[in-house]
Amino acid sequence: MALRTISAKAATALDQELMSPEGGFSIDQLMELAGLSVSQAVYKVHPPEKGKKVLVICGPGNNGGDGLVAARHLWHYGYQPEIFYPKQGKNELYQRLVTQLKNLSIPFTNTSSLLSSLQSTDHIIDAIFGFSFSGPLREPFPDIIAELAKTKKPVTAVDIPSSWDVDNGPPSEGPGKDFMPSTLVSLTAPKPCVKFFKGRHFLGGRFVAPGIREKYGLTGLPEYRGIDQVVEVPVEGQGEGDKEKERL
């Protein structure tokens, strides 16, 4: 059975419904849940014994905020996160997330040190752009995504790989053309571009009420286990044997 996905328009509507008086969530809560999901996925694919250094590359919007939250959780799990946040969000929420990280003495790197950080890290989180991204890429992100595309280090992408089109996947040209992260964490629900993805795929959306899942046609998604906030989901054309090979 084909994996159920949700369009960018429907994802926006779903987020708005979650944050409506009827939904009851705030943007802070949704970002906290998203970042927690990302941190749990990283722990599953790259436990601390594989290397504790995690470089979190954040964009200026909500996707970047998810990355900041994930970094905080990873620190508490025993990792050594480092943040690259070249265009910091201006609103109070992002500033508070930065303060939380600085209170933990989590380092922030700059553009001149980025290549060194990419070489020395054990794992990378791509939290630059989410499902609302539309090109072209603006500075300084073309060079950053070009580096992500050629790195040999494992990369976990938040919601969709940065520079990808939410419906059509990787761009036909430009820095993101060959960008294929090793792990993808779809938030709330998978997006259509997941059919182009070839790595390990997780879903983080355990907080969505059954009535909302039914409204948006998300009733066929896998069940979460125990206290997990993420569940691994095979992508189109990927069977259990393929998933097992990726774990080895």
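Procedures and definitions
Counting starts from 1 at the beginning of each chain's written sequence and moves along it residue by residue. A pLDDT threshold of at least 70 governs which residues receive local features in this predicted model, and a stricter bar of 80 or more applies before side-chain atom pairs are shown or counted, although totals over entire chains, interfaces and linings include all residues. To get the side-chain values, take all heavy atoms of the structure and skip hydrogens and water. Helix numbering and strand numbering both begin at the N terminus, where a helix is a DSSP run of H or I of at least 4 residues and a strand a DSSP run of E of at least 2. We take the radius of gyration over the C-alpha atoms and set the globule estimate at 2.2 Å times the residue count to the 0.38 power. Here the term buried applies to any residue with accessible area under 20% of the maximum for its type, exposed to any over 50%, and partly exposed to those in between, with areas from a 1.4 Å probe on protein chains only. Contacts are assigned to residue pairs with any non-hydrogen atoms lying within 4.5 Å of each other. Computed with the Shrake-Rupley method and a 1.4 Å probe, the accessible areas treat only the protein chains shown as cover for residues. Positive charges come from Lys and Arg, negative ones from Asp and Glu, while His and the chain ends are left out of the count. Note on charges: their place is set at NZ of Lys, CZ of Arg, CG of Asp or CD of Glu. In this analysis, strands are considered paired if DSSP registers two or more bridges between them. Axis geometry follows a simple rule: fit a line to the C-alpha atoms, using only the stretch in contact for helices, then measure angles between N-to-C directions, giving values from 0 to 180 degrees.

A. Looking closely at the overall build of the protein. Counting secondary structure elements, the protein contains eight helices and eight strands. A compact globule built from 248 residues should have a C-alpha radius of gyration of about 18 Å, and the protein, at 17 Å, falls within 12% of that. Overall size of the protein, expressed as C-alpha extent along the three principal axes, is 45 × 40 × 40 Å. For the protein, with 248 residues in total, the buried portion stands at 50%. Residue pairs in contact within the protein that sit at least 24 positions apart in sequence constitute 75% of those at least 6 positions apart. Counting every atom, the protein has about 11,800 Å² of accessible surface; 50% of that belongs to carbon and sulfur. Separation between the mean location of the 27 positive side-chain charges and that of the 28 negative ones in the protein comes to 3 Å.

B. Structural context of the sheet that holds strand 6 (residues 183–187). Taken in spatial order, the eight strands of this open sheet run 3-2-1-4-5-6-7-8, and their pairing is mixed. Looking at which strands have only one partner, the edges of the open sheet turn out to be strand 3 (108–109) and strand 8 (231–232). Bridge count between strand 1 (residues 53–58) and strand 2 (residues 80–84): five bridges; the pairing is parallel. Across the sheet, the residue bridging to Val54 is Pro81, located in strand 2. In the packing of helix 6 (residues 141–150) onto the sheet, the strands contacted are strand 1, strand 2 and strand 4 (123–127), and the crossing angle to strand 1 comes to about 145°.

C. Representation of the pairing of strand 5 (residues 155–158) within the structure. Residue alternation in strand 5 divides its side chains into two sets, Val155 and Ala157 and Thr156 and Val158, and both sets are buried. Bridge count for strand 4 against strand 5 is three bridges, and the pairing is parallel. Looking at strand 5, one finds that Ile125 is bridged to Thr156. Here strand 5 runs beside strand 6; their pairing, made up of three bridges, is parallel. When the bridges of strand 6 are listed, Val158 appears paired with Val185.

D. Inspection of unusual backbone geometry at higher detail. Note that the residue after Glu139, namely Pro140, is joined by a cis bond; omega there is 5°. With respect to the helices and strands, the residue Pro140 is situated in the loop between strand 4 and helix 6. For Ser105, which is not a glycine, the phi torsion comes out positive at approximately 60°. Relative to the helices and strands, Ser105 is located in the loop between helix 4 (92–103) and strand 3. Judged by its relative accessible area of 63%, Ser105 falls in the exposed class. Phi at Ser163 takes a positive value of approximately 90°, unusual for a residue other than glycine. By the secondary structure assignment, Ser163 is in the loop between strand 5 and strand 6.

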